[in-house]
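The chain contents come next:
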Amino acid sequence: MNIAPHLSSGSSRRLRWLLTLPKLGIVLLLAALIALLWLLHHNEAEEDRAALIKDVLWLEQNLQFHLNGNEEQLQLLAMEMGHSHDRKLFRLRAEHMLKNSPDIAQIIQFDAARQIVDAMPATRPPERDIEPFGPPVTAKAFDMASRLGKRQYSEPFFLEDNRAFIEMLVPIFSERRLTGMLAIVYPLDTLLASQVPWWFTEKYKVEIVDDNDIRYATKTYIEGNGDLRYEIPFDPPSAQLFLRVTSYHAPDNSLQRLLVAAIVLLAAGVFWSLWLVRDLMKKRVRAEDALRSEHAFRAAMEDSLTVGMRARDLLGRVVYVNPAFCRMTGFDAEELVGRSPPMPYWAPEQLEESYAMHQIVLAGEAPPDGFEITFMRKNGERFQALVYEAKLIDGNGKHTGWMASILDITERKRTEELARQQQEQLQFTSRLVTMGEMASTLAHELNQPLAAIASYNTGCLNVLNGGQADPRDIRPALEKIGLQAQRAGKIIRRVHDFVRKSEPKRAPCLLGEVIEDCLGFVEAEARKRHVRMECDIPPLPPVLADRLMLEQVLLNLIRNAMEAMAGVPESQRLIRITGAVGDSELSLHVADSGSGIAPEIRAKLFTAFFTTKPEGMGIGLSICRSIIEFHRGRLWVEDNLQSPTGSGTIFSLTLPLETA
Ligand code: ADP
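Residues numbered from 1 in each chain as written. Predicted model: local features only at pLDDT ≥ 70, side-chain atom pairs only at ≥ 80, totals over all residues. Heavy atoms only, no water.

Topic: the pattern of salt bridges
Enumeration over the complete set of coordinates arrives at 41 salt bridges. Residues D517 and R547 are paired through a salt bridge, measuring 3.4 Å at the closest nitrogen-oxygen approach. A residue pair is termed long-range when its members are at least 10 positions apart, and D517 in helix α13 (residues 511–529) and R547 in helix α14 (residues 547–564) qualify at 30 residues. Overall, the relative accessible area of 30% leaves R547 in the partly exposed class. With a closest N to O distance of 2.6 Å, K613 and E563 form a salt bridge. In this pair, K613 sits in the loop between α15 (599–602) and α16 (620–630) while E563 sits in helix α14, placing the two residues 50 residues apart along the sequence. (Salt bridge = Lys/Arg side-chain N within 4 Å of Asp/Glu carboxyl O. Helix = DSSP H or I, 4+ residues; strand = E, 2+ residues; numbered from the N terminus. Buried < 20%, exposed > 50% of the residue type's maximum accessible area, 1.4 Å probe, protein only.)

Remarks on the sheet that holds strand β10 (residues 241–247)
With respect to topology, 4 strands assemble into an open sheet ordered β8-β7-β10-β9, the strand pairing being antiparallel. Each edge of the open sheet is held by one strand with a lone partner, namely β8 (215–219) and β9 (229–233). Neighbour to neighbour, the strand axes of the sheet diverge by 20 degrees on average, direction disregarded. Direction of pairing for strand β7 (residues 204–210) relative to β8: antiparallel, over a ladder of 4 bridges. (Pairing = 2+ DSSP bridges. Axes fitted to C-alpha atoms, helices over the stretch in contact; angles between N-to-C directions.)

Comments concerning the confidence of the model for the chain
On average, the chain scores 85 in pLDDT, and the residues at 70 or more come to 93%. Across residues 1–7 the pLDDT falls below 50, and counting only partners more than four positions away or on other chains, this stretch makes 6 contacts in the model. Every residue in residues 124–133 is under pLDDT 50, and counting partners more than four places away or in other chains gives 24 contacts. (pLDDT = per-residue confidence, 0-100. Contact = heavy atoms within 4.5 Å.)

Focus: a positive patch on the surface
A cluster of like positive charges, contributed by K23, K282, K283 and R286, occupies part of the molecular surface. Examining the composition of the positive patch, we find that 3 residues originate from one element, helix α7 (residues 254–304), more than from any other. Mapped onto the elements of the fold, K23 is located in helix α1 (residues 3–83). (Patch = residues over 30% accessible without salt bridge, like charges linked within 9 Å, V, L, I, M, F, W, Y side chains within 5 Å. Areas by Shrake-Rupley, 256 points an atom, 1.4 Å probe, with all protein chains shown as cover. Lys, Arg positive; Asp, Glu negative; His and termini not counted. Charge placed at Lys NZ, Arg CZ, Asp CG, Glu CD.)

Quick notes on the site of the ligand
Around the ligand sit 20 residues, and of these N560, D592, T611, T612 and K613 come closest. In this structure, T612 approaches the ligand through a side-chain N or O atom, which is 2.3 Å from an oxygen atom. Measuring from an oxygen atom of the ligand, one finds a backbone N or O atom of L621 at 2.8 Å. Here the ligand, which alone exposes 530 Å², has 93% of that area covered by the protein. The cavity where the ligand resides is the largest pocket. Those elements giving two or more residues to the shell around the ligand turn out to be α14, α16 and β22 (649–656). For the shell around the ligand, the leading source of residues is α14, giving 4 residues. (Near = heavy atom within 4 Å. Polar contact = N/O pair within 3.5 Å; in protein donor to acceptor, adjacent residues only side chain to side chain. 1 Å grid on protein atoms, 1.4 Å probe; cavity = no way out; pocket = protein on both sides within 12 Å on 5 of 7 lines; lining within 4 Å. Sits in = over half its atoms within 2 Å of the grid points.)

Here we look at the sheet that holds strand β17 (residues 532–536)
Sheets are built from strands paired through backbone hydrogen bonds, the pairs being either parallel or antiparallel. Strand order in the open sheet formed by 5 strands is β17-β19-β20-β22-β21, with mixed pairing between adjacent strands. Every other strand in the sheet has two partners, leaving β17 and β21 (635–639) as the edge strands with one partner each. Strand-to-strand twist across the sheet, computed as the mean angle between neighbouring axes with direction ignored, equals 15 degrees. In this sheet, β22 lies alongside β21 in antiparallel orientation, the contact comprising 5 bridges. The residue of β22 that forms the bridge with E638 is I650. On the sheet, α13 packs against β17, β19 (574–581), β20 (585–592) and β22 and is oriented at approximately 170 degrees with respect to β17. Strands in contact with α14 are β17, β19, β20, β21 and β22; relative to β20, the strand with the most contacts, it is inclined by about 25 degrees.

Points about the state of the cysteines
Note: disulfide means a covalent bond formed between the sulfur atoms of two cysteine side chains. Taken as a whole, this structure holds 0 disulfides when the rule is applied. C535 carries a free sulfur, and the closest cysteine sulfur to it, the one in C518, is 10.0 Å from it. (Disulfide = S-S within 2.5 Å.)

A few points about the nonpolar core
Within the largest apolar cluster, 52 residues are counted, with the highest numbers of intra-cluster contacts made by L550 and I575. Here this core gets 10 residues from one element, more than from any other, and that element is α14. Apart from the residues lying within four places of it in its own chain, the contact partners of L550 are C509, L511, V514, V543, A545, I628 and L655. (Core = buried A, V, L, I, M, F, W, Y, C linked by side-chain atoms within 4.5 Å.)

Here's the deal with the layout of surface pockets
In this structure, the largest pocket encloses a volume near 780 Å³. In terms of lining, the largest pocket is formed by 32 residues, of which the most central are N560, E563, T611, T612 and K613. Put simply, the parts of the chain that give the lining of the largest pocket at least two residues each are α11 (410–465), α14, β20, α16 and β22. Ranked by residue count, the leading element in the lining of the largest pocket is α14, at 7 residues. Partitioned by chemical class, the residues of the lining of the largest pocket number 14 nonpolar, 12 polar and 6 charged. Counted as a void, the second largest pocket has a volume near 320 Å³. The wall of the second largest pocket is formed by 18 residues, among which M81, S84, H85, R87 and Q109 lie closest to the centre. Where the lining of the second largest pocket is concerned, the elements lending two or more residues are α1, α2 (87–100), β1 (106–111), β2 (116–120), β5 (164–174) and β6 (177–187). (Points joined across faces, edges and corners; volume = space filled by probe spheres on them. Nonpolar A, V, L, I, M, F, W, Y, C, P; charged D, E, K, R; others polar.)

Quick notes on helix α10 (residues 351–362)
The α-helix winds at 3.6 residues per turn, so residues separated by three or four positions along the chain end up facing the same way. For α10, which comprises 12 residues, the first-to-last C-alpha distance of 16 Å matches the rise-based estimate of 16 Å (1.5 Å per residue) to within 8%. Every buried residue of α10 is accounted for by S354, M357, H358 and V361. The buried side chains of α10 occupy one side of the element, clustering within an arc of 105 degrees when seen end-on. The inward-facing, buried residues of α10 abut β11 (308–313), β13 (371–376), β14 (382–393) and β15 (399–408). Just beyond α10, the residue with positive phi is G364, at close to 80 degrees. (Expected span 1.5 Å × (residues − 1). Arc of directions from axis to C-beta.)

Brief notes about the pairing of β19
When β17 meets β19, the two strands line up parallel, connected through 5 bridges. Along β19, the bridge assignment pairs C535 with I577. Of the pairings in the sheet, the one linking β19 to β20 comprises 7 bridges and is antiparallel in character. Of the residues in β20, the one forming a bridge with T578 is H589. Adjacent in sequence and paired antiparallel, β19 and β20 are bridged by 3 residues.

Topic: empty space enclosed by the protein
Per the counting criterion, the structure on display carries 2 cavities of 30 Å³ or more. Considering only enclosed or pocket space, the largest cavity measures out at about 80 Å³ in volume. Lining the largest cavity we find R310, R312, W346, S354, M357, H358, V361, F371, I373, F375, V387 and E389. Listed by contribution, the elements that provide at least two residues to the lining of the largest cavity are β11, α10, β13 and β14.

Structure below.
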């Protein structure tokens, strides 16, 4: 029983561990998944960024390549124009260039004094604006180009329709002298429109901005801002300009979000189910603990039982034996469980009886009050067992076998036997004592026939000595001598019978004869004590009893009655013995008119060695009661209310008739 709390705390600690581990695992798994998602996201962003940079670099190169191509062509034209004075050359080449580069708005030829010499196409709006040299930026670029003697881009500038332009100026030298300037006017939006391929604008928004975030040109399909953008200097044409490329495509996070949501949901689900499992496991542990303590309790109870328990199935096979039964028989449980008759603990000399009893039990006809049987221990020793058989009913109410509780009653039997022998000895002693007490009366009683015999004998001798003896005179005397001898013999036989030691044996006996014998015994004493004896007994059926024992009882009661009347006037000393037959028993009453019994001693009357007499032994009534109870009858005492003295006692006894 003590181990139950220990087990309980141990298992709950184990349970806590068991439940913490998966929780920890799930938290770690969740963290790992989120980290993985973050990494994926991060990688994707990195990849997107790398792709963007690659694309931007490509675009910038493409533009540079295009601008460089135009620049080369313009420089070639400038060189040619420096050497030749063919006026048609400009138009020819410019037309060719315009045809190949739709992004060029106009190609202008200036002279050294910054005057427009020619322009292709001549009617384009910039022509109007350029005169006189448009915004100052262009003039500045013209100066720079003419001073440095090499290609120069103008700073971007807006014209009235809010379009941004840029010019590329290439000086024309003739024999190391500036003779003019060639300029290509690029509207920046057209540059983007023609040079940024369609697939690029599908992915990105392309802008040309300066460091003040002024937007000069845009190519896009969609308005709005993406998260991812990249800028690189757009130099040439200008150190102030930047190509800004913005990715439309904001990384599509919906799948990730879905995944995260699914993971969170799943984790929540797992936590929830863990919670349920935790509850279930707790319940289970509680139930297990309860079961364990119940089991421990039952095992402890079982082990401490001194009654042997044995269960058999419906076929008579042993299915269980408890430690007490094993101790009783000396066999181990393993040696007994599974065994079918004959059982190893059956005494070989009683195999048949044991088997018959076994069959009776299996048939469900075992006596409900139990039965006694001789069993054999493993060491061959026999022992008396008291067996109670009961049906074995399982949890579903089904009869599954037989359960027996077995008591080793050898010791009890031995004690009972000893007590019985002692009782017998006591009874015998009591009879001897009674006889001792009656010896003088009996001697006196015996003296009478002996004296009569002696006097008849003397009379006979006298007749014979007279010499004329007539046998007719002697005969009656001799007959009387015979009668007196018979009387004396009867007295001696009675005494002999009474003090003879014999085993108690019940046989049918007539109570009338027993009473008569007793009266014969006490006759002399009654005479001596001047006690009148009345006997009113109807014809009684025989009872199954030990005659000697009944005689002892009656003698005891009659003598007690006589002694109780010692103080009563002689005329009122009366003992009445009456009897009656009932349905199932017959009763006998011994009534006296003696001193009666005081209420305070009534309870102690039948206890051994209780006496009120100076020389009494006090065992008479206790023996009487045990004898009557041995015969399954009752012995009790009442006041004699009809006594002539006003006091007196009635001792009554019953004897069952069915034993007859
Ligand atoms: P004992 O005769 O040796 O004393 P018993 O057991 O026969 O032992 O009697 C016990 C006591 O019961 C007697 O001492 C006596 O006091 C009382 N007793 C027995 N029979 C009678 C009776 N008929 N009337 C009054 N007292 C009685």
